[in-house]
Structure formats: structure tokens, C-alpha cells
Amino acid sequence: MVRRNDGRRAALVDGAIEVLAREGARGLTFRAVDTEAGVPTGTASNYFGNRDDLLTQAGARVYERLTPEPAEVERQRAAKPDKETYVQLMREVVGRVSGFRTGYLALLELRLEATRRPELRAVLTERVRADLAANLSYHEASGLPGDATAVKLLYLAFNWLIVEQLTLPDVLSDAERDALVAAAVERIVTE
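Here's a quick rundown of the structure. In this text, all values refer to a predicted model and were calculated from it rather than measured experimentally. (Residues numbered from 1 in each chain as written. Predicted model: local features only at pLDDT ≥ 70, side-chain atom pairs only at ≥ 80, totals over all residues. Heavy atoms only, no water.)

**Focus on the overall build of the chain**
At step 1: Each helix and strand in the chain was counted, giving 10 helices and zero strands.
At step 2: Reading the helices (α) and strands (β) of the chain from amino to carboxyl end gives α-α-α-α-α-α-α-α-α-α.
At step 3: When the backbone C-alpha atoms are referred to their principal axes, the chain occupies close to 55 × 35 × 30 Å.
At step 4: For the chain, with 191 residues in total, the buried portion stands at 40%.
At step 5: Expressed as a percentage of contacts within the chain between residues at least 6 apart in sequence, the contacts between residues at least 24 apart total 68%.
At step 6: Accessible area of the chain: about 10700 Å², with a carbon and sulfur share of 53%. (Helix = DSSP H or I, 4+ residues; strand = E, 2+ residues; numbered from the N terminus. Buried < 20%, exposed > 50% of the residue type's maximum accessible area, 1.4 Å probe, protein only. Contact = heavy atoms within 4.5 Å. Areas by Shrake-Rupley, 256 points an atom, 1.4 Å probe, with all protein chains shown as cover.)

**Some words on the side chain of Asp14**
At step 1: Secondary-structure assignment places Asp14 in helix α1 (residues 6–23).
At step 2: Looking at Asp14, its side chain comes within polar contact range of the side chain of Arg61, at 2.7 Å.
At step 3: In this structure the side chain of Asp14 is engaged in a polar contact, spanning 3.2 Å, whose partner is the side chain of Arg65.
At step 4: Beyond its immediate chain neighbours, meaning those up to four positions away, Asp14 contacts Arg61 and Arg65. (Polar contact = N/O pair within 3.5 Å; in protein donor to acceptor, adjacent residues only side chain to side chain.)

**Some points on helix α2 (residues 30–37)**
At step 1: For α2, the set of buried residues is Ala32, Val33 and Asp34.
At step 2: Buried positions along α2 lie against α1, α3 (43–47) and α4 (51–66).
At step 3: Remark: Gly38 follows α2 within two positions and exhibits a positive phi of approximately 70 degrees.

**A few points about the packing of helix α6 (residues 83–99) against helix α9 (residues 148–167)**
At step 1: At their nearest, the axes of α6 and α9 sit 10 Å apart, and the two run at 40 degrees to each other. Classed by the angle they form, the pair α6 and α9 counts as oblique. When you trace α6 past α9, the crossing you get is right-handed. Of α9, the residues touching α6 (which contributes Tyr86, Met90, Val94, Val97 and Ser98) are Val151, Leu154, Phe158, Leu161, Ile162, Gln165 and Leu166. (Axes fitted to C-alpha atoms, helices over the stretch in contact; angles between N-to-C directions. Parallel < 35°, antiparallel > 145°, perpendicular 65-115°, else oblique. Left-handed = near helix turned anticlockwise from the far one by under 90°.)

**Concerning the environment of Arg121**
At step 1: Checked against the element boundaries, Arg121 lands in helix α8 (residues 118–142).
At step 2: Residue Arg121 is classed as partly exposed on the basis of its relative accessible area of 39%.
At step 3: As a C-alpha pair, Arg121 and Arg111 span 10 residues in sequence and 7.4 Å in three-dimensional space.
At step 4: Dropping the residues within four chain positions of it, Arg121 is found in contact with Ala114 and Thr115.

Given below as C-alpha cells:
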């Protein structure tokens, strides 16, 4: 029987994210999630039908937690649609994602696991496509300079920049990261 306490489910999924980031997909067990969430042993198995369900919900939860607050979106939309605003927006995105270190590392683990699990790959592919489509739609509606190709190139470049920052944080300083964000927007986005 799958339980319906939304607060407990969120705590368990957040625990799964932490376990994925720290121990990888092989370390993700119901017992490890129970321990991380501080709940009695056996609780996770009451909330998730199987490990694949837990993996899928962990991925969805990362995206949920990375979504900016409505006030932030409105502030961004009210800004002048120029390259300076674009650079600031990209710095905020890179900062927000980098700031949720365990979430992004958990997503990397899920992507690796998806190479071995077709069902998880299908779910992640759909989610990433939807995320990219939302970015393209936001960009189009914002009036910011650049086309769809520029958005995709920045998406790909900044994903790797974030990986670099989270896995080898001493390679680039924060100032270098910010300068690279500005340079990427300047070189990729055409008026």
C-alpha cells in the first residue's frame, strides 16, 4: 500500500536526493533513505512501490526545488530585455543550480543510472525536453536577444560549467565563473 502523507513523502524524496548525491545510485536503498529522512525503518517502502519509483520522484523533486519563485520570475520579466539582463539572468540560474549542490549531483547520478534503466531514461528525457522547451518559451516571451540555438548552446555550456563547479570547485573561482557566463552570452547571443 502506497501512503499519501505529502510532507512525509517530500522528506523521503529529499532524503533520497541527499543519498544519491553522497553515495550514488548504488547506495540508494529504502533503508538509506529512511535513515537520511530520520524516519523509522520501513517507512520508504510504504511510500514508494519500488526503487524506480523513488528514483523518478527524486528527479522530479530536484526540478521542483530548482524552479525559481514567481516573484523572481516577475522581476526578471520586468527587466530590460538586453544582453546585460541576459548575463544577470544566466548568473542567477548558474548560481541557483550550483547552490543546490546535492540536487544537481543527484541529477547527474540519475542520468548515469538512466543509461541502464530505459524507464528512467524515458522519464528523464521527457523532463529535460520539457525543461528546455520551458526555457525556450520563456526566452521567446521575454524579448531577450538571441534565438533558439543560442538558448540551447547556453543551456549546454552552463550545464557543464555547473558540473565543473560542483565536482571540481577549485578549478575556477567564482569571479572566473561569472566572467565566463558573461563571455558565453556575449559570444553566443547575437542581436
